[in-house]
Number of protein chains: 2
Amino acid sequence: MSIDTLKIRRIGIDTYHENVAYLNRECSIYRAEGFQALSKIQISINGTRLLAVLNVVDDDAIVQPGELGLSLQAFNYLNASEGTLATVDHAEAPKSMDAVRRKINGERLDQADFDDISHDIVETRYSKMEMAAFLVATGQNNLDRDELLYLTRSMLNSGERMDWHEPLVADKHCIGGIPGNRTSMLVVPIVAAHGMLIPKTSSRAITSPSGTADTMEILSKVNLTPDQMSDIVRQERGCLVWGGTAKLAPVDDILIAVERPLGIDSQGQMVASILSKKLAAGSTHLIIDIPVGPTAKVRHMRQALALRKLFEFVGDRLNIHLEVMITDGRQPIGLGIGPVLEVRDVMQVLNNDPEAPADLRQKSLQLAGRIIEFDPDVRGGQGYAIARDILESGRACAKMKNIIKAQGANEIDLQPGKLSYPVCADRDGVVTHIDNFQTAKIARIAGAPMDKKAGVDLFKKLGDKVTKGEALFQIYAEFPADFKFATKLAQQNSGYSIGEKEQILQPLIAF
Amino acid sequence: MSIDTLKIRRIGIDTYHENVAYLNRECSIYRAEGFQALSKIQISINGTRLLAVLNVVDDDAIVQPGELGLSLQAFNYLNASEGTLATVDHAEAPKSMDAVRRKINGERLDQADFDDISHDIVETRYSKMEMAAFLVATGQNNLDRDELLYLTRSMLNSGERMDWHEPLVADKHCIGGIPGNRTSMLVVPIVAAHGMLIPKTSSRAITSPSGTADTMEILSKVNLTPDQMSDIVRQERGCLVWGGTAKLAPVDDILIAVERPLGIDSQGQMVASILSKKLAAGSTHLIIDIPVGPTAKVRHMRQALALRKLFEFVGDRLNIHLEVMITDGRQPIGLGIGPVLEVRDVMQVLNNDPEAPADLRQKSLQLAGRIIEFDPDVRGGQGYAIARDILESGRACAKMKNIIKAQGANEIDLQPGKLSYPVCADRDGVVTHIDNFQTAKIARIAGAPMDKKAGVDLFKKLGDKVTKGEALFQIYAEFPADFKFATKLAQQNSGYSIGEKEQILQPLIAF
């Protein structure tokens, strides 16, 4: 309850979605107020208030007794110059933490609770610990579907919302987990060539060897402003850009930054995350791709069906036309894993190259076909054939070239990394299993996606015959350290199983 | 997966139970490894390994590109001099986080899971976010009583354990929440004067206006080493020291540091916390005091009974003789709240002063009597009378003087703060309610316990008649800012209700 003031000082530490204040241990305010480490303090400058977690500093070179150090995020938020006087006070936890505690106690929250929580998170009033508490309390089976709807709506309302002023704005989203699954780079040009609006925003890799934005970046710029994106979409009917520049559902980004290091993965939060982002991006019609397989995110058909119902329940109530496709997630899609290798696969499909990976082509046509059937003028069941015609006629390829040009083409070098190592079969047989996790891990450790030319190129897929000593896949890397670790990892566990044909797990559904 | 090295540098920031590593954004390792903010990294120096959360630094004055900055805790843990070369590597989350995730998913954990989690927490492998996740996942009704037993055992085994080499080591503990409740300072001298061993360790205030250690510190030193404590206990049969110096159940301290700012308060964690600490301190016989009242931690008798069963279940299985006393928690105990004012109350009781607060005396005698009945030579039902005889004969007072002398007497100044303000009744009637929370808050904001002379002195208790304008209590403070805020708070809400005699809530049990 002090009314004393301190001079603010910018501390060049990026504390990533958490405001941190640094007070010298000898600071009179620290001593008098009985602040405790990890206390939250309230900082006020000319009516602007900020909550920050307190770190105590024993080094005058970092912050002196009369100063208040602020981490980069906190300093930028207050938008005042160094030396400005700030008032420091005890801070209560954000009010909405009461709702989080009620949730921890097993109560049901309502729309107002979720709105308050989202608002406090966007206003950076939550510490990382408080966000972790919220995520665990609302994780797994702790939200019923009405609460999930409230959460999604509050996340959607936490940021800006795009409006394309068209009745049909198509989009697709895969829940992830399948390496090489670059269908968006085929679906977008096909659907846009059909004339439908498909302003696709994609993510960069978080834990995977490449995100669509990473792979697309080989071909063109992806880091466009919302205005640039809007111009391109109006001209080409589609785009393939990174979604990070628009302020869409910002709560989602903040929560993901905490969720990821915790390794928490809740179905409810996934549904809220995907739908809030898509609705904020202005989508009206959405296909969700849920791959199912033993090393996919969703392992059993019953889980996939439960997830589908959740998507449908929330989507219907938030006025998005949503269809779920459950797909074959038993192995990677295509052959290349890593930005440059994936571009090669995509270009082969677009060019109708007979060498093009059949599974990537097939899956992309199915997804594009389902989206094309959102068009009221298309007869049910005709979407696939239309998509195939667009692809085979070269119109998809032409559309992709136009999109690349509009976004700003990059000079293309599709040569993979200069270090390479073939991983070979240790027996005769057929490929009975390919582990998505292990394959992704090898590609990632080889350097993907930071290192665009790194990755893994698969020579064999499920059911293929192999003889002892024959190469299953090749590792590519640019840097010796990465190369060494990736080859070592692949020697320990290649991710491939070789056995008899009968051992191949059949797809859980006729895809 | 790097094998590169960086020079370590001590960063004078106290990150409180979390290891933080600071890497310059331009550091080649940061760039090459694709570390992300909040990533965990593994730091190795000559075989000593440490996990730390990554903060990215944009200021070469704090940490240069070739350096690895370490927060104080991390630097001290590694025990190497500045400039020593360290290897930095990606770190997986601690293995036991798998168990935390299983718990989040609703599974039951076993003893080995809790042992692994405790071990990883003590070894500082958990980030604050991960601890928050553990606390929420195991909070409230999420642990069954067997899991609570496992948790308690693993916390107990996380640190050292004292052994007094006597068959009966008595202790008492109150679950807290009642201001002025300084019974330990009466129970210890009475029980020790009876000849029973009662080596009492107490806490300092966390959120209350005073802990027993804060109040005892007015009279003597409390900051003793385990060896000093041991010598005093052998000589005097009792002591009243701060429990923070012995490394007892260290996991408990670490978790409390996260629990407190989150405001999470789970019954299961309270049971595990209290029993692990008491068992580690070598107690064999324990009285637990559970105050019940509308503004106590436990509000309903059914909650108190459920909590009692939990204490009994875990205590019986960990071989501690444990009895629970459910007590009257409708109002503060005694009259003074804050270190100096509480000492006055305690000394009045010890001196058999007719002005001494009757409730403090009565409750202390009841608790001491129950402990004395642990003595096999004492007949059931005789404990209270024995305790009273010890008090009235002056033997308790003499024992207390000996304990003070043994611990190192302080110069005593019982003058309360120089600023004072009486809070008066706004109508005639009787006191029908005193809010423990509000009373504690006023005393705390007045400066207690940092400011030993600050606090609140109650003139009226439940059932007392008051006339309009008569003082209900007096606020004491040393500093004008504290005084101003405390009086303002009391003017808004004094915590007292005045009404008719029939409105007084009767005690929930005949205490």
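Sequence order sets the numbering: in each chain, residues are counted from 1 along the sequence as written. Chain A is the first chain written and ligand 1 is the first ligand written, with later ones labelled in order. Thresholds applied to this predicted model are a pLDDT of at least 70 for local features of residues and 80 or more for the giving and counting of side-chain atom pairs; totals over whole chains, interfaces and linings are not thresholded and use all residues. Computation of side-chain values covers all heavy atoms of the structure but excludes hydrogens and water.

Help me out: how do you make sense of unusual backbone geometry in this one?
Peptide bonds are mostly trans, and most non-glycine residues show a negative phi. The omega torsion of the bond from Ala448 of chain A to Pro449 of chain A falls at 5°, within 30 degrees of zero and hence cis. Note on placement: Pro449 of chain A falls in the loop between helix H17 (436-445) and strand S16 (455-458). The backbone of Asn319 of chain B sits at a positive phi, close to 60°, despite the residue not being glycine. Strands here are runs of E lasting at least two residues and helices are runs of H or I lasting at least four, both read from the DSSP assignment and numbered beginning at the N terminus. Structurally, Asn319 of chain B can be placed in the loop between helix H12 (301-317) and strand S12 (321-328).

Would you explain the relation of the copies chain A and chain B in this entry?
Between the two chain copies there is a screw-like relation: a rotation about an axis and a shift along it. Only residues with pLDDT of at least 70 in both copies contribute their C-alpha atoms to the least-squares superposition of the copies. With an axial shift of 0.0 Å and an RMSD of 0.1 Å, the rotation relating chain A to chain B amounts to 180°. Such a combination of rotation and displacement between the chain copies is what one expects of a two-fold axis. Considering only C-alpha atoms, the residue of chain A closest to the rotation axis is Met129 of chain A, which sits at 2.4 Å. Taken as a fraction of all interface residues of chain A, those also at the interface in chain B reach 100%, which identifies the copy contact as same-surface. Contacts are assigned to residue pairs that have any heavy atoms within 4.5 Å of one another.

I'm lost on the domain arrangement of chain A in this one. Help?
Interface size is often expressed as the accessible area that is lost when the parts come together. Residue and element names in this part refer to chain A. Bear in mind that the domain bounds are from an automatic or database domain assignment. Domain boundaries in chain A define domain 1 (5-90), domain 2 (97-156), domain 3 (170-407) and domain 4 (419-503). Spacing between the C-alpha centres of domain 3 and domain 4 amounts to 26 Å. In this complex, domain 3 contributes 31 residues to the contact, which on the side of domain 4 involves 21 residues. Throughout, buried area stands for the accessible area (probe radius 1.4 Å) lost by two parts on being put together, summed over both. Across the domain 3 to domain 4 interface the summed buried area is about 2000 Å²; carbon plus sulfur atoms make up 58%. Whenever a nitrogen or oxygen atom comes within 3.5 Å of another N or O atom, the pair is scored as a polar contact, on the condition that within protein one atom can donate a hydrogen and the other can accept it, and that pairs from neighbouring residues in sequence are kept only if both atoms are in side chains. In this assembly, domain 3 and domain 4 are joined by 13 residue pairs in polar contact (both at pLDDT 80 or more). Only strand S13 (336-337) and helix H13 (339-350) provide two or more residues apiece to the side of domain 3 that touches domain 4. Grouping the amino acids of the side of domain 3 that touches domain 4 by side-chain chemistry returns 15 nonpolar, 10 polar and six charged. The residue classification treats Ala, Val, Leu, Ile, Met, Phe, Trp, Tyr, Cys and Pro as nonpolar and Asp, Glu, Lys and Arg as charged. All others, Gly included, are polar.

Could you clarify how one ought to interpret the UniProt feature "domain: Pyrimidine nucleoside phosphorylase C-terminal" (unreviewed entry) in chain A in this entry?
UniProt positions are given in the numbering used here, feature names are shortened, and annotations may be inferred rather than shown by experiment. Residues annotated in UniProt with the feature "domain: Pyrimidine nucleoside phosphorylase C-terminal" (unreviewed entry) correspond here to residues 430-497 of chain A. Between the C-alpha atoms that bound residues 430-497 of chain A there is a distance of 8 Å. The span itself is 34% helix and 29% strand.

Would you mind going over the packing of helix H10 (residues 250-262) of chain B against helix H11 (residues 267-280) of chain B with me for this structure?
All names here are of chain B. To obtain each axis, a line is fitted to C-alpha atoms, and for helices this fit is confined to the stretch in contact; angles are then taken between N-to-C directions over 0 to 180 degrees. With their axes 11 Å apart at the nearest point, H10 and H11 run at an angle of 145° to one another. Note that H10 runs across H11; the crossing there is left-handed. When H10 is examined against H11, the residues Asp252, Asp253, Ile256 and Glu259 are found in contact with a partner set consisting of Gln269, Ser273, Ser276 and Lys277. A per-class count over the contact of H10 with H11 returns one nonpolar, three polar and four charged. With the far helix as reference, a near helix turned anticlockwise by less than a right angle produces a left-handed crossing, and one turned clockwise produces a right-handed crossing.

What's the story with the interface of chain A and chain B in this structure? I'm lost.
Listed per partner, the contact involves 47 residues of chain A and 47 residues of chain B. When chain A packs against chain B, close to 4500 Å² is buried across both sides, 63% of that on carbon and sulfur atoms. Each reported salt bridge corresponds to a side-chain nitrogen of Lys or Arg within 4 Å of a carboxyl oxygen of Asp or Glu. Counting across the interface, chain A meets chain B through two salt bridges. Notably, a salt bridge pairs Arg25 of chain B with Asp14 of chain A, separated by 3.0 Å at the nearest N-O pair. The tally of links from chain A across to chain B stands at eight residue pairs in polar contact (both at pLDDT 80 or more). Of all the elements in the fold, those that place two or more residues in the side of chain A that touches chain B are strand S2 (13-14), strand S5 (48-57), helix H3 (97-104), helix H5 (128-137), helix H10 (250-262) and helix H18 (480-492) of chain A.

Can you help me understand helix H15 (residues 383-392) of chain A in this one?
In an α-helix, one turn spans 3.6 residues, which is why side chains three or four residues apart end up on the same side. Residue and element names in this part refer to chain A. Summary of the burial criterion: residues with accessible area below 20% of their type's maximum are buried, those above 50% are exposed, and those between are partly exposed, where the area comes from a 1.4 Å probe applied to protein chains only. Every buried residue belonging to H15 is among Gly383, Ala387, Ile390 and Leu391, and all of these are buried. The buried residues of H15 occupy an angular sector of 100° when the element is viewed end-on, so they sit on one face. Looking at the buried residues of H15, the elements they touch are helix H7 (184-193), H13, helix H14 (358-372) and helix H16 (395-407). Positive backbone phi, approximately 85°, marks Gly394, located one or two places after H15. Think of the arc as the fan of directions from the helix axis to the C-beta atoms.

Just to check I follow, could you spell out the environment of Pro65 of chain B for this structure?
For Pro65 of chain B, the location among the structural elements is in the loop between strand S5 (48-57) and strand S6 (67-70). Taking the C-alpha atoms as reference points, Pro65 of chain B and Leu367 of chain B, 302 residues apart in sequence, are found 61 Å from one another.

Can you help me understand the nonpolar core in this one?
Counting residues in each nonpolar core, the largest one holds 136 residues, and the members touching the most others are Ile290 and Phe311 of chain A together with Phe311 of chain B. The contact partners of Phe311 of chain A, leaving out residues within four places of it in the chain, are Ile175, Val271, Ile274, Leu275, Ile288, Ile290, Leu322 and Val324 of chain A. Here, the term nonpolar core denotes a set of buried Ala, Val, Leu, Ile, Met, Phe, Trp, Tyr and Cys residues that are joined through side-chain atoms within 4.5 Å.

It is not clear to me how the sheet that holds strand S15 (residues 429-434) of chain B should be interpreted in this structure. Could you clarify?
Two modes of strand pairing occur in sheets, parallel and antiparallel, and in both the strands are linked by backbone hydrogen bonds. All names here are of chain B. Taken in spatial order, the three strands of this open sheet run S17-S15-S19, and their pairing is antiparallel. The strands lining the two open edges of the sheet, one partner per strand, are strand S17 (465-466) and strand S19 (496-499). In terms of strand pairing, S15 meets S17 through two bridges, oriented antiparallel. Bridge pairing in S17 places Gly429 opposite Val466. One requirement defines pairing of two strands: DSSP has to find at least two bridges between them.

Please clarify how empty space enclosed by the protein should be interpreted in this entry.
Space left empty within the atom packing is revealed by a probe, the size of a water molecule, rolled over the atoms. Here a cavity is any set of points on a 1 Å grid over the protein atoms alone where a 1.4 Å probe fits but cannot get out, and a pocket is any open set with protein on both sides within 12 Å along at least 5 of 7 lines; a residue lines the site when it has an atom within 4 Å of a point. Grid points are joined across faces, edges and corners, and a volume is the space filled by probe spheres set on the points. Throughout the structure, instances matching the rule amount to seven cavities of 30 Å³ or more. Approximately 110 Å³ is the volume found for the largest cavity. Those elements that provide at least two residues to the lining of the largest cavity are strand S3 (20-24) and S5 of chain A together with strand S3 (20-24) and S5 of chain B.

Looking at this model, I keep getting lost on the pairing of strand S10 (residues 238-242) of chain B. Mind explaining?
Within a regular strand, the side chains alternate between the two sheet faces. Residue and element names in this part refer to chain B. Among the five residues of S10, four are classified as buried, and the element is accordingly described as predominantly covered. Bridge count between strand S9 (residues 198-202) and S10: five bridges; the pairing is parallel. Pairing of Thr201 across the sheet is with Val241, part of S10.

Help me understand the sheet that holds strand S13 (residues 336-337) of chain B in this model?
Residues and elements named next belong to chain B. Within the open sheet, the four strands sit side by side as S13-S16-S18-S14. Their pairing is antiparallel. The outermost strands of the open sheet, each flanked by one partner alone, are S13 and strand S14 (419-424). Pairing between S14 and strand S18 (residues 471-477): six bridges, direction antiparallel. Its bridge partner being in S18, Pro422 is matched across the sheet by Gln474. Those strands touched by helix H17 (residues 436-445) are S13, strand S16 (455-458) and S18, and its axis lies near 130° from that of S16.

Sorry, what's going on with the pattern of salt bridges here?
Where charged atoms of side chains with opposite charge meet at close range, the side chains can pair. All names here are of chain A. The final tally for this structure, using the stated rule, is 64 salt bridges over all chains. Notably, a salt bridge pairs Arg204 with Asp214, separated by 3.5 Å at the nearest N-O pair. One end of the pair, Arg204, is in the loop between strand S9 (198-202) and helix H8 (212-216); the other, Asp214, is in helix H8, and 10 residues separate them in sequence. Assessed through its relative accessible area of 25%, Arg204 is described here as partly exposed. The exposure class assigned to Asp214 is buried, which follows from its relative accessible area of 5%. Glu478 is the salt-bridge partner of Lys418, the closest N and O atoms lying 3.9 Å from each other. Here the residue Lys418 occupies a position in the loop between H16 and strand S14 (419-424), and Glu478 occupies one in the loop between strand S18 (471-477) and H18, the gap between them amounting to 60 residues. By relative accessible area, which is 62% here, Lys418 ends up exposed.

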